[in-house]
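Secondary and tertiary structure notes
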Amino acid sequence: MRFLWTFLRIRTAVNSGQYRRALHQKSGETELLQHLRSQLKAAGPITVADYMREVLTNPTAGYYMHKDVFGTQGDFITSPEISQMFGELLGVWCVNEWMLGGSPRSMQVVELGPGRGTLAQDMLRVFQQFPMMQDVVSLHLVEVSPKMAAMQEERLTGVIEDDKRKNAASGGDIVYKKRKTKAGVPISWYSDIHDVPQEFSCYIAHEFLDALPVHKFQRTPQGWREVLVDVDDGEGPHHLRFVLSPTPTAACKGFIQAGEKRDHLEVCPRAGVLVQHLADRIVEHGGAALLADYGHDGTKTDTLRGFRNHQLHEVLQEPGSADLTADVDFSYLRHMCAGKDKAVTHGPITQREFLENMAIELRLQVLQRNADESQRKDLLSGYDMLTNPDKMGDRFKFFSITRQRTPPKGSRTPSEPAGFYRLEFQ
């Protein structure tokens with residue numbers, strides 16, 4: 001996992017020769033660093049959540065806002081980019097949930113953080129194989145980055161047109177793009193999930209939650225303190241440093257659950273609010289949500305890390321030049337949904353379990369039949385990367401939210417969503 005310069009670890013590292021060699025060699029400066037330094041000197045330290053928000057989504061210098069960060073030429077690669085099988089099986093998942101929901105006349109597929117549009121493209125290809133779904137599906141993409149929205153538009157429609165973002169004060173749904181795919185499926189783009197119409201929907205969030213800002217807390221002899229980011233004009237390796245709040249912050253009092261046993265804690269309030277919102281939508285209008293990400297079930301502590309050029313990157317080094325991510329605490333998401341009447345959570349289970357339950361081996365066999373030697377090699381490589389426990393198979397987790405449902409008497413249909421039990425094919 002990514003080495004993190006927490007306040008306590010910095011103190012420990014001061015005596016190391018490696019740290020002393022770095023004392024007079026600060027990391028590089030960026031446009032965003034200049035903005036942050038001014039902000040910190042004027043108003044004092046900020047939370048790690050505020051720091052992540054600036055680094056990732058600052059309108060002028062945020063990491064996600066103006067470049068393609070995916071693939072071999074970017075900083076990391078995701079499961080949909082590795083193999084078409086991933087997106088196809090998620091498409092099958094949506095079809096299954098649509099049928100369990102009574103096959104309504106319309107189904108919104110809502111993807112949060114759609115990347116290059118690869119996952120959406122693979123899911124749409126699956127829907128085209130089901131005649132009964134013609135004129136049923138519409139695609140709704142929640143994307144804040146103009147650069148990524150343009151890439152999604154080009155992949156899914158073949159053209160790029162100007163954004164026409166409406167002012168939130170104008171009322172109504174805030175749709176900044178409306179197009180149709182090459183096959184005629186309507187697509188709409190939004191900046192916020194709250195702007196997506198409330199109808200029967202399958203919500204997909206793949207590697208979305210891990211980029212949402214987290215608050216970090218440290219247990220001390222004086223009680224819980226929040227980890228903050230401050231200017232470092234001394235001899236530290238970077239222009240920023242982690243410090244502890246001198247007294248408990250409002251976040252300490254509001255986000256740490258009674259009985260917490262860990263000494264270091266990361267909490268993502270935005271993820272908690274999001275799953276509550278999705279649960280409300282699903283209970284009221286039907287559908288299901290599938291969340292897939294790096295994560296744990298309330299066991300890990302210090303997971304905040306950065307990625308640049310497919311390598312781990314220091315969190316405070318050259319802000320805006322690297323991705324920041326923290327493992328999703330699925331126990332927290334489950335807790336946040338616990339009070340939602342008629343909403344049920346499932347998982348987390350590993351990506352390997354989910355894909356095997358969705359019959360990825362069968363899909364692999366079908367694709368290999370018409371593949372040449374090079375394609376077969378790529379298919380097997382992708383399958384291994386997605387399912388191998390030492391690669392992505394056990395590191396990624398799947399979590400789902402559905403409406404409470406009871407199968408008809410005598411039915412063999414499980415109450416769990418697809419992927420959380422093994423599908424059987426005749």
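An account of the accompanying structure is given in this report. (Residues numbered from 1 in each chain as written. Predicted model: local features only at pLDDT ≥ 70, side-chain atom pairs only at ≥ 80, totals over all residues. Heavy atoms only, no water.)

**Digging into the overall build of the protein chain**
Stated precisely, the cut-off is as follows: Helix and strand definitions follow DSSP, with helices as H or I runs of at least four residues and strands as E runs of at least two, each counted in order from the N terminus. Under the scheme applied here, a residue whose accessible area is under 20% of the maximum for its type counts as buried, over 50% as exposed, and between as partly exposed, the area being computed with a 1.4 Å probe on protein chains only. For this analysis, residues touch if any pair of their heavy atoms sits within 4.5 Å. Surface accessibility follows the Shrake-Rupley procedure with a 1.4 Å probe radius. Residue values consider only the protein chains on display as shielding.
Secondary structure assignment for the protein chain yields 15 helices and 17 strands. Going through the 426 residues of the protein chain one by one, you find that 55% of them count as buried. Long-range pairs, those at least 24 residues apart, make up 74% of the contacts in the protein chain between residues at least 6 apart in sequence. Split by element, the accessible area of the protein chain, about 19,700 Å² in all, is 49% carbon and sulfur.

**What to know about unusual backbone geometry**
The bulk of non-glycine residues show a negative phi, and the bulk of peptide bonds are trans. Following G347, the chain continues to P348 via a peptide bond in cis, the omega torsion being 10°. Inspection of the secondary structure puts P348 in strand β16 (residues 343-350). For S103, which is not glycine, the phi dihedral falls at a positive 50°. Mapped onto the elements of the fold, S103 is located in the loop between α6 (84-100) and β2 (107-112).

**Considerations on the packing of helix α10 (residues 269-285) against helix α11 (residues 330-337)**
Test applied: The angle between two axes is taken between their N-to-C directions and runs from 0 to 180 degrees, where each axis is a line fitted to C-alpha atoms and a helix contributes only its stretch in contact. Here roughly perpendicular refers to angles of 65 to 115 degrees, roughly parallel to angles under 35, roughly antiparallel to angles over 145, and oblique to all remaining angles. Each crossing gets its hand from how the near helix is turned against the far one by less than a right angle, where anticlockwise is left-handed and clockwise is right-handed. Just so you know the grouping, Ala, Val, Leu, Ile, Met, Phe, Trp, Tyr, Cys and Pro go in nonpolar, Asp, Glu, Lys and Arg go in charged, and all remaining residues, Gly too, go in polar.
Taken N-terminus to C-terminus, the directions of α10 and α11 make an angle of 45°; their axes are 9 Å apart at the nearest point. Relative to α11, α10 is oriented oblique. Crossing of α10 over α11 shows right-handed handedness. Mapping the contact onto sequence places P269, A271, G272, V275, Q276 and A279 in α10 and Y332, L333, M336 and C337 in α11. Grouping the constituent residues of the contact of α10 with α11 by class yields eight nonpolar, two polar and no charged.

**Here's the deal with the packing of aromatic side chains**
Here is the rule: Pairing of aromatic side chains requires ring centres within 6.5 Å, counting the rings of Phe and Tyr and the six-membered ring of Trp. Pairs whose planes differ by under 30 degrees are stacked, by over 60 edge-to-face, and all others tilted.
One pass over the full model with this rule turns up six aromatic pairs. Measuring from centroid to centroid gives 4.3 Å for Y294 and F396, while their planes differ by 35°, and the two rings are tilted. Here Y294, found in strand β11 (residues 287-296), pairs with F396, found in strand β17 (residues 396-403); they are 102 residues apart in sequence, far enough to count as distant. Of the two residues, Y294 and F396, both sit in the buried class. Cluster of aromatic residues (ring-pair linked, three or more members): F86, F354, F398 and F420.

**A few points about the environment of L141**
The topology assignment puts L141 in strand β3 (residues 137-142). Sequence separation between L141 and I193 is 52 residues, and the spatial gap between their C-alpha atoms is 8.8 Å. Apart from residues lying up to four places away in sequence, L141 is in contact with E111, P114, Q152, L156, I187, S188, W189 and Y190.

**Section: the sheet that holds strand β13 (residues 311-313)**
Here is the rule we go by: Any two strands are treated as partners once DSSP identifies two or more bridges connecting them.
With antiparallel pairing, the three strands of this open sheet are ordered in space as β13-β12-β14. Only two strands of the sheet have a single partner each, and these edge strands are β13 and β14 (323-325). Strand-to-strand twist of the sheet, defined as the mean angle between neighbouring strand axes without regard to direction, takes the value 40°. Pairing analysis gives three bridges linking strand β12 (residues 305-308) to β14, with the strands arranged antiparallel. The partner of R305 across the bridge, within β14, is T325.

**What to know about the environment of M65**
Mapped onto the elements of the fold, M65 is located in the loop between α4 (48-57) and α5 (79-82). Sequence separation between M65 and A149 is 84 residues, and the spatial gap between their C-alpha atoms is 9.8 Å. With residues near it in sequence (within four places) discarded, M65 still touches L56, T57, N58, P59, V144, S145, P146 and K147.

**Some thoughts on the environment of H206**
Tracing the chain through its elements places H206 in strand β6 (residues 201-206). Take H206: its relative accessible area is 6%, and that puts it in the buried class. Here the alpha-carbon distance between H206 and L291, two residues 85 residues apart in the chain, equals 6.0 Å. If we ignore the near neighbours within four places in the chain, the residues touching H206 are T78, S79, P80, F86, L112, G113, L119 and A292.

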